[in-house]
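# Architecture at a glance
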Amino acid sequence: MKSKFLKFLAIFLSIGVVAAACGSDSEDAAPATTAAPATTAAAATTTAQVEVVADGSLLDVVQARGTLNCGVSGSAVAFSETQADGSVTGIDADFCRAVAAAVVGDVVP
Amino acid sequence: MNFVALTASERFTAVQTGDVDVLMRNTTWTQSRDSSVGMDFGPTTYYDGQQLMARVSDGFSGSSSVADIDGSIVCTNVGTTTEKNIAEAALLAGAEITLLGFETSDEVYETFIAGGCDITTTDGSALVGRKAKQQPADQEWVIFPATPISKEPLGPTYGQNDSAWADAVNWTVYAMIIMDEYGVTSANVDATCATAEAEVARLCGGDGELQTAMGLSADAFHQVIRQVGSYGEVYDRNLNPVGLYREGSANAGWLDGGLIYSPPAR
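Every chain is numbered on its own, with residues counted from 1 as its sequence reads. Numbering of ligands from 1 and lettering of chains from A proceed in the order in which they are written. At least 70 in pLDDT is required for a residue's local features to be given in this predicted model, at least 80 for side-chain atom pairs to be given and counted, and no such filter applies to totals for whole chains, interfaces and linings, which use all residues. As a rule here, side-chain values come from all non-hydrogen atoms in the structure, and water together with hydrogens is ignored.

What follows concerns the interface of chain A and chain B. Facing the 41 residues of chain A at the interface are 48 residues of chain B. Together, the buried faces of chain A and chain B total about 3900 Å²; carbon and sulfur atoms form 63% of this surface. Summed over both partners, the accessible surface that disappears when two parts come together, traced with a 1.4 Å probe, is what is meant by buried area. When the area that chain A buries against chain B is broken down by residue, the three leading residues are A:Val77, A:Phe79 and A:Phe95, summing to 17%. For salt bridges, the criterion is a side-chain nitrogen of Lys or Arg within 4 Å of an Asp or Glu carboxyl oxygen. Counting the contacts that link chain A with chain B gives 3 salt bridges. Any two residues whose heavy atoms approach within 4.5 Å are treated as being in contact.

Turning to the pairing of strand β1 (residues 69–72) of chain A, a few remarks are in order. Side chains of β1(A) alternate between two faces, with A:Asn69 and A:Gly71 and A:Cys70 and A:Val72 buried alike. At least two DSSP bridges between two strands are required for those strands to pair. Helix numbers and strand numbers start at the N terminus; a helix is a DSSP run of H or I with at least 4 residues, a strand a run of E with at least 2. Across 4 bridges, the pairing between β1(A) and strand β1 (residues 2–5) of chain B is parallel. Paired with A:Asn69 across the strands is B:Asn2, a residue of β1(B). Relative to strand β2 (residues 22–23) of chain B, β1(A) runs parallel, the two sharing 2 bridges. Among the inter-strand pairings, A:Cys70 is bridged to a residue of β2(B), identified as B:Val22. Relative accessibility decides the category of a residue: with a 1.4 Å probe and only protein chains considered, values under 20% of the type maximum give buried, values over 50% give exposed, and everything between is partly exposed.

Glancing now at the state of the cysteines. Criterion for a disulfide: a pair of cysteine sulfur atoms at a distance within 2.5 Å. Taken as a whole and judged by the stated rule, the model has 3 disulfides over all chains. Between the sulfur atoms of A:Cys70 and its disulfide mate A:Cys96 the distance is 2.0 Å. Residues A:Cys70 and A:Cys96 are joined by a disulfide whose S-S torsion is about -70 degrees; by sign, that bridge is left-handed. Taken together, the residues A:Cys70 in strand β1 and A:Cys96 in helix α5 (residues 91–103) connect sequence positions 26 residues apart. Judged on exposure class, the residue A:Cys70 and its partner A:Cys96 are both buried. Each sulfur in the disulfide pair B:Cys193 and B:Cys204 lies 1.9 Å from the other.

Think of each axis as a best-fit line through the C-alpha atoms, taken over the contacting stretch in the case of a helix, with angles from 0 to 180 degrees between the N-to-C directions. Running from N to C, α5(A) and helix α10 (residues 231–239) of chain B cross one another at 145 degrees; their axes reach a closest spacing of 9 Å. The element α5(A) and its partner α10(B) pack so that their crossing is right-handed. Of the residues in α10(B), those in contact with A:Ile91, A:Asp94 and A:Phe95 of α5(A) are B:Tyr231, B:Val234, B:Tyr235, B:Arg237, B:Asn238 and B:Leu239. Looking at side-chain class alone, the contact of α5(A) with α10(B) contains 6 nonpolar, 1 polar and 2 charged residues. Take the far helix as your reference; a near helix turned counterclockwise from it by less than a right angle gives a left-handed crossing, and one turned clockwise gives a right-handed crossing. Classification used: nonpolar for Ala, Val, Leu, Ile, Met, Phe, Trp, Tyr, Cys and Pro, charged for Asp, Glu, Lys and Arg, polar for all others including Gly.

Residues and elements named next belong to chain B. Going from Phe 144 to Pro 145, the amide bond is cis rather than trans, its omega being -15 degrees. Relative to the assigned elements, Pro 145 resides in the loop between β9 (141–144) and β10 (152–154). Residues other than glycine seldom take positive phi values, yet Asn 26 does so here, at roughly 40 degrees. Relative to the helices and strands, Asn 26 resides in the loop between β2 and α2 (31–34). Despite not being glycine, Ala 198 has its phi angle at roughly 55 degrees, a positive value. Inspection of the secondary structure assignment puts Ala 198 in helix α8 (residues 198–204).

In this scheme, a helix's expected span is set at 1.5 Å multiplied by one less than its residue total. Relative to the 18 Å expected for 13 residues at 1.5 Å per residue, α5(A) spans 18 Å between its end C-alpha atoms, a close match to the ideal helical length. Within α5(A), 13 of the 13 residues are buried, leaving the element largely enclosed by the surrounding structure.

For the rest of this paragraph, the subject is the sheet that holds strand β4 (residues 88–89) of chain A. One open sheet accounts for 3 strands, arranged β2-β3-β4 (chain A); its pairing is antiparallel. Only two strands of the sheet have a single neighbouring strand rather than two, namely β2 (75–76) and β4 of chain A.

Okay, the sheet that holds β9(B) next. All names here are of chain B. Spatially, the 5 strands line up as an open sheet ordered β7-β6-β8-β5-β9, and their pairing is mixed. The open sheet has two free edges, formed respectively by β7 (98–102) and β9, since each of these has just one partner strand. Across this sheet, the average inter-strand angle for adjacent strands is 30 degrees, counted without regard to direction. Judged from the 4 bridges that link them, strand β5 (residues 50–55) and β9 form a sheet pairing that is antiparallel. From the neighbouring strand, Ala 54 faces β9, where its bridge partner is Val 142. The strands touched by helix α5 (residues 124–134) are β5, β8 (119–123) and β9; relative to β8, the strand with the most contacts, the crossing angle is about 125 degrees.

Residue and element names in this part refer to chain B. As a packed pair, helix α6 (residues 163–181) and helix α9 (residues 220–227) sit with axes 10 Å apart at the nearest point and diverge in direction by 65 degrees. Seen along the crossing, α6 lies across α9 with a hand that is right-handed. For the pair α6 and α9, contact is made by Trp 171, Thr 172, Ala 175, Met 176 and Met 179 and by Phe 221, Val 224 and Ile 225, respectively.

Next comes the structure, spelled out in structure tokens:
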């Protein structure tokens, strides 16, 4: 009885692994709706995400540093142009400022 | 906020060594960069394509094709997708060209203006910008072919396999796109957020907000719009002055027939 259960469990887990390995983006939702073990999988995923945020992400590094280091061209007209006063203008420069505003809260200078 | 100016060939190393946290550097999303180079890519912020620019006095016009550049000296930047695209396109069109590579864009255009090359080639947006800014009074430049020779989706780039960082960068861009869809700008964001409901309220940091779960402050995207602006605002402010408009282009919103689209904030 016990070995039969383990065998069933092993088959079930291997199906899960195969499904995870083969699933394309659009298919990812399918296994989650099938059976009870999906709940366990979802809980584990949530825990993992919290750990990523708290542990080892560049997000923590940038927030601790308090400033964003953003790589630009500096000579791409209207995208990122370094001005005589050292400021940088352009749409790419503004996307840098946007990430700084979101992550650090301030875009100064 | 610290800007680091990088040449095309320096940029990926600067991410890998930790000198920069993210690249906002006209970087095309390609398969090799996404895999073997070790980068991950965020949402495309500008759909571009490579074109060529030449002098009208050399017999070129807006209806010129790549076949017409046979025998020309072509200048471009090293370490870019541009180099490979023009070599491939010339081969396919049966045009023999001499390719001169430069480390910086400024060198490319100095050489082009001085007559050291017949053709300069890079992303269409950059050609439009340079033409607007640098075309001498005694020269007339023309950009061709009308349909670009390549796809150049430009957007944020960062080191691979850091999902929390990728989410923070990506959703900053998405928030700017969604707020633009709702007509929210830096001028009206405070008033809008005070009374907003549903999706805008969530992005503002109100009921159901998801920013804190991402490791950001609840009002992170409110700050983005207040301090920098929506996607449309940022696009118009920077690109309209050089003659680049969203209307009728791939950079229009999806409801206007373009490709700028965000997943929902919920």
